[in-house]
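Letter by letter, the chains look like this.
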Amino acid sequence: MPFIGIVAKENDSNFIKNEIIKNTKTNKFEIINLNRKSIENVKNIKFDVLVIHENIDGLLKSSKYLEDIVNRSCYVIINSDIKNNLLLKSLSGNIITYGFNSKATITISSIKEENTMLCIQRAIQGINKEIIEEQEINIEIEKNNVNKLYNVLVIFTILRIYGIILKKI
């Protein structure tokens, strides 16, 4: 059972969790929202995937455990659009960035009404050691989810690492 930690607002974390569960049949994911209160409780868990969806500089300063959690994680998926993120400079290992900037590993190349093209700009090694090549993938996004494109990028990335192809959200 893969452990996924998400540092995000609770509503974003819940949306990501619900969509991952809805789009998987075989993997039973355990998804935990990390915040100031929960970090101490999960300080010894090794996350398979850790998502950093928002600026965590304040959280890093107030918690001595978060940096250890980040360093033990197999994959760190981080929003590269966050300005002044101190963590980006000190990370090593399986780092996957997402966002709307041109340097992100996973970004959006075009949006047309209910269809969005996601672009993998650099090859990624999946959980089973398979290489996910650079490519563009079309995803159908329902109208009520268009405002959650950052969340869609996270969901797509997590599922893709585990070999699941997201078609519709």
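Going by the structure above, here's the rest.
Residues numbered from 1 in each chain as written. Predicted model: local features only at pLDDT ≥ 70, side-chain atom pairs only at ≥ 80, totals over all residues. Heavy atoms only, no water.

### What about the overall build of the chain?
Across its full length, the chain carries five helices and ten strands. A compact globule built from 169 residues should have a C-alpha radius of gyration of about 15 Å, and the chain, at 15 Å, falls within 12% of that. Considering only C-alpha atoms, the chain reaches an extent of 45 × 35 × 35 Å along its principal axes. Put simply, the chain has 169 residues, and 49% of those count as buried. Once local pairs closer than 6 in sequence are excluded, the contacts in the chain between residues at least 24 apart make up 58%. Approximately 9000 Å² of the chain is accessible, and the part contributed by carbon and sulfur atoms is 47%. Charge separation in the chain, taken as the distance between the mean sites of 23 positive and 19 negative side-chain charges, equals 3 Å. (Helix = DSSP H or I, 4+ residues; strand = E, 2+ residues; numbered from the N terminus. Rg over C-alpha atoms; globule rule 2.2 N^0.38 Å. Buried < 20%, exposed > 50% of the residue type's maximum accessible area, 1.4 Å probe, protein only. Contact = heavy atoms within 4.5 Å. Areas by Shrake-Rupley, 256 points an atom, 1.4 Å probe, with all protein chains shown as cover. Lys, Arg positive; Asp, Glu negative; His and termini not counted. Charge placed at Lys NZ, Arg CZ, Asp CG, Glu CD.)

### Overview of the packing of aromatic side chains
Following the criterion strictly, the structure yields three aromatic pairs and no others. Taken together, a centroid distance of 6.4 Å and an interplanar angle of 70 degrees make the contact between tyrosine 98 and tyrosine 150 edge-to-face. You can see tyrosine 98 sitting in strand S5 (residues 94–98) and its partner tyrosine 150 sitting in helix H5 (residues 149–161), a full 52 residues away along the chain. Assessed through its relative accessible area of 0%, tyrosine 98 is described here as buried. Accessibility expressed as a relative area gives 27% for tyrosine 150, which makes it partly exposed. Among the aromatic side chains, those forming a connected cluster through ring pairs are Tyr98, Phe100 and Tyr150. (Phe/Tyr/Trp six-rings, centres within 6.5 Å; stacked < 30°, edge-to-face > 60°.)

### Topic: the pairing of strand S6 (residues 106–112)
One ladder, built from six bridges, connects S6 with strand S7 (residues 115–120); its direction is antiparallel. Its bridge partner lying in S7, threonine 107 is registered against cysteine 119. Hairpin connection of S6 to S7: two residues between the antiparallel strands, including glutamate 113 at a positive phi of 40 degrees. (Pairing = 2+ DSSP bridges.)

### Some words on the side chain of threonine 97
Relative to the elements of secondary structure, threonine 97 occurs in strand S5. A polar side-chain atom of threonine 97 sits 2.9 Å from the main-chain amide nitrogen of threonine 105. (Polar contact = N/O pair within 3.5 Å; in protein donor to acceptor, adjacent residues only side chain to side chain.)

### Quick notes on the pairing of strand S3 (residues 49–52)
Residue alternation in S3 divides its side chains into two sets, Val49 and Val51 and Leu50 and Ile52, and both sets are buried. Summarising the sheet, strand S1 (residues 3–7) and S3 pair through four bridges and their orientation is parallel. Residue isoleucine 4 lies in a different strand from S3, and its bridge partner there is valine 49. Alignment of S3 against strand S4 (residues 75–79), held across four bridges, turns out to be parallel. Bridging from a neighbouring strand, isoleucine 52 pairs with isoleucine 78 of S4.

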